[in-house]
Amino acid sequence: MAKFSTVKKFYLCSICSVFLFTALGKILFILYRAAASDIMIAGAASFFLRTLPFISSFCAQLFSRAAFVAAVCSIVYAVSFFGKKTGGKSFLLSMLCLLSGDALLFLYNITRNVVGSASIKAWALSTLMEILFSGVILGLAFWIGCRYAVKRFHSPSPKRLNQFAPLRAVLLSLGITCILHIVILSANKVIPFFIRYQNLTPKELMDIFYDYGYYIFWYLGVSFLLAPIYMKILEKATGRLRPKDYKAAPFHENAPSKKGEIL
């Protein structure tokens, strides 16, 4: 019963967090679009109202990033402490939560705007590409979590417990995500721009540096800041658990950690 209770607590904390962060991110994005297009807000005497588009945009990006980081952490945590089966379920449920955010935004668009078949197809294609990209990254996090779980106990390195800790698997997954985003940015925008235009103005160079800085800030800086916080939240929800040893006997799974034991 205790084992079931621990898994249930993990699912409630992880999946509810991913869903909540996803929903809040999309709701705040809708608020940003409404505020940015309202001339009454743009010309308001109140400083708060004038900055409302910026605040809602920043918070929307923050919660969207938190949702993805929570999904990565949940998958790695599940693989590290519960096993591949729980990790696989966490992967599927996290993907559904992320997809629900796009569905929410689409429902808002079709109720507030006239949406034709071309717009629906464009949305479907864009959503499909985004979901595929998220699926690749979350699948990579699952694989890295499994590899680290094995090496945590069976690597010849004397520092293997710290070197292959679950948090390091999360940070590696998020670091690869940042690199992929920068590669996509370079391939889609920066390199074609350099090929098309030779004499770049200082403003154009600053815009390019801003784009790279924006990606590094959100996909590396903010993600690396949120990851250890969320891993602590999961630990609080389940209690400290002994990491799963995939080559040990099955009864070690989900066993509470001993006092002073390094996880």
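Here, the structure is the one placed above.
Residues numbered from 1 in each chain as written. Predicted model: local features only at pLDDT ≥ 70, side-chain atom pairs only at ≥ 80, totals over all residues. Heavy atoms only, no water.

Colleague: Residues and numbers for the overall build of the protein, please.
Modeller: Secondary structure summary: the protein contains 8 helices and 0 strands in total. From first element to last, N terminus to C terminus, the protein shows the α and β order α-α-α-α-α-α-α-α. In the protein, which comprises 263 residues, the share counted as buried stands at 40%. Sequence separation of 24 or more characterises 76% of the internal contacts of the protein that already satisfy a separation of 6 or more. Carbon and sulfur atoms make up 70% of the accessible area of the protein, which amounts to about 15200 Å² in all. Within the protein, the 10 negative side-chain charges are centred at a point lying 10 Å from the centre of the 29 positive side-chain charges. (Helix = DSSP H or I, 4+ residues; strand = E, 2+ residues; numbered from the N terminus. Buried < 20%, exposed > 50% of the residue type's maximum accessible area, 1.4 Å probe, protein only. Contact = heavy atoms within 4.5 Å. Areas by Shrake-Rupley, 256 points an atom, 1.4 Å probe, with all protein chains shown as cover. Lys, Arg positive; Asp, Glu negative; His and termini not counted. Charge placed at Lys NZ, Arg CZ, Asp CG, Glu CD.)

Colleague: Mind laying out helix α4 (residues 84-112), listing which residues take part and the relevant values?
Modeller: Here α4 is 29 residues long and its end C-alpha atoms lie 42 Å apart, about the 42 Å a rise of 1.5 Å per residue gives. Listed in full, the buried residues belonging to α4 are Thr86, Gly87, Ser90, Ser94, Met95, Cys97, Leu98, Gly101, Asp102, Leu105, Phe106 and Asn109. (Expected span 1.5 Å × (residues − 1).)

Colleague: How would you sum up the nonpolar core? Please name residues and give values.
Modeller: Among the nonpolar cores identified, the biggest contains 39 residues, and Cys73, Tyr77, Leu138, Val170 and Leu234 are the most heavily contacted of them. Within the residue set of this core, elements represented by two or more residues are α1 (2-36), α3 (47-81), α4, α5 (117-154), α7 (166-196) and α8 (202-238). Here this core takes 13 residues from α3, the largest share from any one element. Once you skip the residues sitting within four places of it in the chain, Leu234 turns out to touch Phe10, Cys13, Ser14, Cys73, Ser74 and Tyr77. (Core = buried A, V, L, I, M, F, W, Y, C linked by side-chain atoms within 4.5 Å.)

Colleague: Tell me about the packing of aromatic side chains, and name the residues and values.
Modeller: In this structure the tally under the stated criterion is 16 aromatic pairs. Geometrically, the ring pair formed by Phe10 and Tyr11 is tilted, given 5.6 Å between the ring centres and 50° between the ring planes. Tyr11 matches Phe10 in its accessibility class, with the two residues each being buried. Between the aromatic rings of Phe193 and Tyr197, the centroid separation amounts to 5.0 Å while the plane-to-plane angle is 45°, which identifies the pairing as tilted. Note on Phe193: relative accessible area 23%, which makes it partly exposed. (Phe/Tyr/Trp six-rings, centres within 6.5 Å; stacked < 30°, edge-to-face > 60°.)

Colleague: Could you give an account of the environment of Ser173, naming the residues involved and the relevant values?
Modeller: In this structure, Ser173 sits in helix α7. By relative accessible area, Ser173 is classed as buried at 1%. In the structure, Ser173 is positioned 117 residues away from Ser56 in sequence and 28 Å away in space, judged by C-alpha atoms. Residues contacting Ser173, with those up to four places away along its chain left out, are Val72, Ala141 and Ile144.

Colleague: With reference to specific residues and values, describe the pattern of salt bridges.
Modeller: Going through the model one piece at a time under the given rule, you end up with 4 salt bridges. In this structure, Asp102 and Lys26 form a salt bridge, with 3.7 Å as the shortest nitrogen-oxygen distance. Remark: Lys26 occurs in helix α1 and Asp102 occurs in helix α4; sequence separation between them is 76 residues. Across the pair, exposure class does not vary: Asp102 and Lys26 are buried alike. A salt bridge links Asp211 to Lys189; the shortest N-O distance between them is 3.7 Å. Here Asp211 is found in helix α8, whereas its partner Lys189 is found in helix α7, with 22 residues between them in sequence. (Salt bridge = Lys/Arg side-chain N within 4 Å of Asp/Glu carboxyl O.)

Colleague: If you had to explain a nonpolar patch on the surface to someone new, which residues and values would you point to?
Modeller: On the surface, a nonpolar cluster with roughly 580 Å² of combined accessible area is contributed by Phe48, Leu49, Phe54, Ile55, Phe58 and Phe217. Along the chain, Phe48 turns up in helix α3. (Patch = residues over 30% accessible without salt bridge, like charges linked within 9 Å, V, L, I, M, F, W, Y side chains within 5 Å.)

Colleague: Talk me through the environment of Leu180; I want residue IDs and the actual numbers.
Modeller: Looking at where Leu180 falls in the secondary structure, it is placed in helix α7. Given the relative accessible area of 31%, Leu180 is considered partly exposed. Residues Leu180 and Ser223, spaced 43 residues apart in sequence, show a C-alpha to C-alpha distance of 14 Å. Not counting the four nearest positions on each side in its chain, Leu180 is found in contact with Phe133 and Ile137.

Colleague: How would you explain the side chain of Arg152 if you had to name every residue and give the values?
Modeller: Along the polypeptide, Arg152 turns up in helix α5. Summary of buried charges: Arg152 has no salt-bridge partner, and the nearest side chain of opposite charge, Asp245, is 8.7 Å away. Setting aside anything within four residues of it in sequence, one finds Arg152 in contact with Ser80, Arg160, Leu161, Phe164, Ala165, Pro166 and Pro243.

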